[in-house]
Every structure is written in C-alpha cells, then in structure tokens.
Amino acid sequence: MKISKIPGLGRFGVFVDDVDFDHITDEEWLEIGRLHVTSLVTILRNVNLTPEKYGEYMAKWGTFRAVHHYTMAAKYRINFDMLVYRVSVGNTQGIDPEDILWIKTILSFLPYNDNNQAIDGLIKVTGRRNEQGQAEGMFAEGELLWHSNESGNLTFTPGVSLLAKEGVVGSSTGFATTTDWYERQSESFRSELDDMIILHKFTPGKINPGLRLDQDFIMNKNMCPVDNTPIPLVIQSPAGIKGLHYSVNTIDQIQGMSAAESQKLFERINKELFVDEFIYDHWYQTDNDLVLFDNSIVLHRRLGGITNRLCYRMQYDYSNLIDQPYNPYLQEPFAEAYKSQIRKIVRVLGIKDFKLP
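Residues numbered from 1 in each chain as written. Predicted model: local features only at pLDDT ≥ 70, side-chain atom pairs only at ≥ 80, totals over all residues. Heavy atoms only, no water.

Caption draft 1: Summary view of the pattern of salt bridges. As enumerated under the stated definition, the model contains 17 salt bridges in all. Of the charged contacts, one joins arginine 34 and glutamate 27 as a salt bridge, the two residues approaching to 2.4 Å between their closest N and O atoms. Glutamate 27 sits in the partly exposed class, given a relative accessible area of 47%. When the shortest N-O distance is used, the salt bridge between arginine 301 and aspartate 281 registers 2.6 Å. Residue arginine 301 is found in strand 15 (residues 298-304), and its partner aspartate 281 is found in strand 13 (residues 279-283); the two are separated by 20 residues along the sequence. Like arginine 301, the residue aspartate 281 is buried in the burial classification. (Salt bridge = Lys/Arg side-chain N within 4 Å of Asp/Glu carboxyl O. Buried < 20%, exposed > 50% of the residue type's maximum accessible area, 1.4 Å probe, protein only. Helix = DSSP H or I, 4+ residues; strand = E, 2+ residues; numbered from the N terminus.)

See the structure below:
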C-alpha cells in the first residue's frame, strides 16, 4: 500500500495505491478509513471492487444514512424499506402522490445484484439511458457545479464515496477544501465567520444547469427541502477540523445581512477559495477508481463527458472510525438541535453502531 499527497487541496488529500481488496484485512481497511477522516479526500486508484463489495466495505466505516429516508419514515410511521416495498408493488393507499413519485424515481436509480436485490445504500450516477430514453441514474447529463450533499439539512451525512466503475475516462470528480482558506483569515474576520449563519434555499438547476424536472424534484428533497434553513457557516468535520459548510448550490443569504451584502461576501469567498491551491480535479485515467470525500467542509463537482459513465455512490457516517460522537456544530442552539434531531433519525431508521452525541 503506497500513500502520496494529492496536488492541490491545501494540506489535505492523499492517494492510496496498490490496495488489493481480495486480501485486505478489516484492520487495514479501518486504518485507511482513519487516515481518510483526517485527510478529507482520499483516492484509491484502480481497485478490484464489484458494486456489491464496494457497499460492504463502506459499511465497515459506518452505516448508510439519508435524511429524506428519515423524513419519509417519520411521516408515515413505517419502516422506510417497507414504505418503498409498498410503492414497488402498487400498495400506495395513504401515500401522497409526490412521495410516490419520489420513491419510484429513486427505485429506477438503484443498482441490483445477481439475485435482483437492491444493493443496500448504493445509487447509480450515470449518463446511461434505457431503451425508452429514461435516465438510469442521477445526474445523467451535463456538469455538476460545486456542492455538498444534503447541504441544507442540519443533520447532513458527513461521508460520501464514489466508485467510478465504467466509462469514466474523459471525466473528472473535483474537490475543494475550505480549511486552509479559513485559517489564513485574520483573527477578527475568522471571528465574524464563526458567527455567521447561512440561510439555505434550493434553486432548480443551480447544481446541474439545464432543465430536468425529475432530477430537480429529487434534489430538492435531498439538498434543502425547507427554504431559509439556517446553518452555521463554520462547522467541524468528524476529525474536529474547522472549515466552511459552504455548498454553493444552496447558500442564499447570510442571516442579518441584506441580499446585496451577502452576495458581496459570497463573491469574495468564491474568488479566494476556488483557486488551484485548494482544488483538485481528478481526471480519470482508468475505470475502477474509488474516491472518498468529506461532506461537511469539502465541496465536490463533476467536469467532462459522461454519456457512457457509470458510477456508484454511497453516503454514510464515520462511527466506526472516530473515538468520540460527532457533532458538526460549535454554536448553540445548533449543537443541541443536532443532538436532538440525530437521535430521532437513528431511532426511526434503526441505525446500529452509531455514536450518539
């Protein structure tokens, strides 16, 4: 196993090469995970993983979690998997039409194993289409602008990974870290940043320009279902690294500032943050790279052609990699609100081995 620094990304980011998943031990995999938590972005090149094995290995770091799954389960007071099953067999009595549409759309994006069972926690991200011309996965066309997943949710999931399985050469997955920029600011400006609360709002097409209503419908539920959701600008990663929770696709305004004042600050941050020193675009040289990235203070994007691209994505917690429970927030009432909300999510979704704050 060879470890080297990724260019850009400030002081963060590592390549881990020569990982053989046919012979790796659980402790070696957890060691890579603990390295990843502190490096924020980790890329394993040319791995020997099937989609099913990929899901199994990521689950060793922590359980798959999605905020909207909790929202749906809590709304209907039923196990989320059972809710999905009911929709899949047409038993939709008592389920709102927009929720039926959301579930049916998600079902069309799921990968299945040889036994025709959905692979737990995975979703396809692909430009491929079926014979009817329907997208077989999320983000089936165009570039993706800077974003983080579930960015307008207080209880966003902190870890995301992508298995770039087929047809990825000629495209890239890019990352931007925020910590080095934040730490270089004057003490007085950092104090101002620490106190800022961002109001998040979903805007159609802001992550993936172009008109695709079904995708925007899914993204609204996942990214920021409630307009003007307040979330602190400065938070910490699961390793306790402070940075910006600055998802460009949902940030709308700074609480207490006018729209014009907010936009002026956003423009300053964009100009200083999105530079080569803090960015790395991983242009795939081969299929089968595994990219792992923090979703709290790191942004990601996609560039290049994707017509035949097939990737698998999973998001999860880092409970098996950290010693202490994770709370992203350093400010009240957000830290206490997070504790309350994450406990509800863990209980309703039946998540095991979660370190509750």
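Caption draft 2: Local environment of unusual backbone geometry. With omega at 5°, the peptide bond leading from glutamate 332 into proline 333 counts as cis. Among the secondary structure elements, proline 333 is positioned in the loop between strand 16 (310-316) and helix 10 (334-349). We note that asparagine 228 has phi near 65°; this positive angle belongs to a residue other than glycine. Examined against the element boundaries, asparagine 228 turns out to sit in the loop between helix 8 (213-223) and strand 9 (229-232).

Caption draft 3: Structural context of the sheet that holds strand 7 (residues 171-177). Ordered in space as 5-15-7-13, the four strands form an open sheet in which the pairing is antiparallel. The open sheet terminates on both sides in strands that have one partner only, identified here as strand 5 (144-147) and strand 13. Across the sheet, the mean angle from the axis of one strand to that of its neighbour is 15°, orientation sign disregarded. Taken together, the two bridges between strand 5 and strand 15 define a ladder with antiparallel strand orientation. Following the sheet pairing, histidine 147 is matched in strand 15 by histidine 300. (Pairing = 2+ DSSP bridges. Axes fitted to C-alpha atoms, helices over the stretch in contact; angles between N-to-C directions.)

Caption draft 4: Focus on the nonpolar core. In this structure, Phe21, Trp29, Leu44, Tyr54, Trp61, Leu290 and Tyr329 are the most contacted members of the largest nonpolar core, which totals 91 residues. Sorting elements by how many residues they give to this core places helix 10 first, with six residues. Dropping the residues within four chain positions of it, tryptophan 29 is found in contact with Phe21, Ile24, Leu44, Tyr57, Met58, Lys60, Trp61 and Leu290. In terms of nonpolar packing, the next biggest core, distinct from the first, is built from 22 residues, Tyr182, Met196, Leu265 and Phe274 among them. (Core = buried A, V, L, I, M, F, W, Y, C linked by side-chain atoms within 4.5 Å. Contact = heavy atoms within 4.5 Å.)

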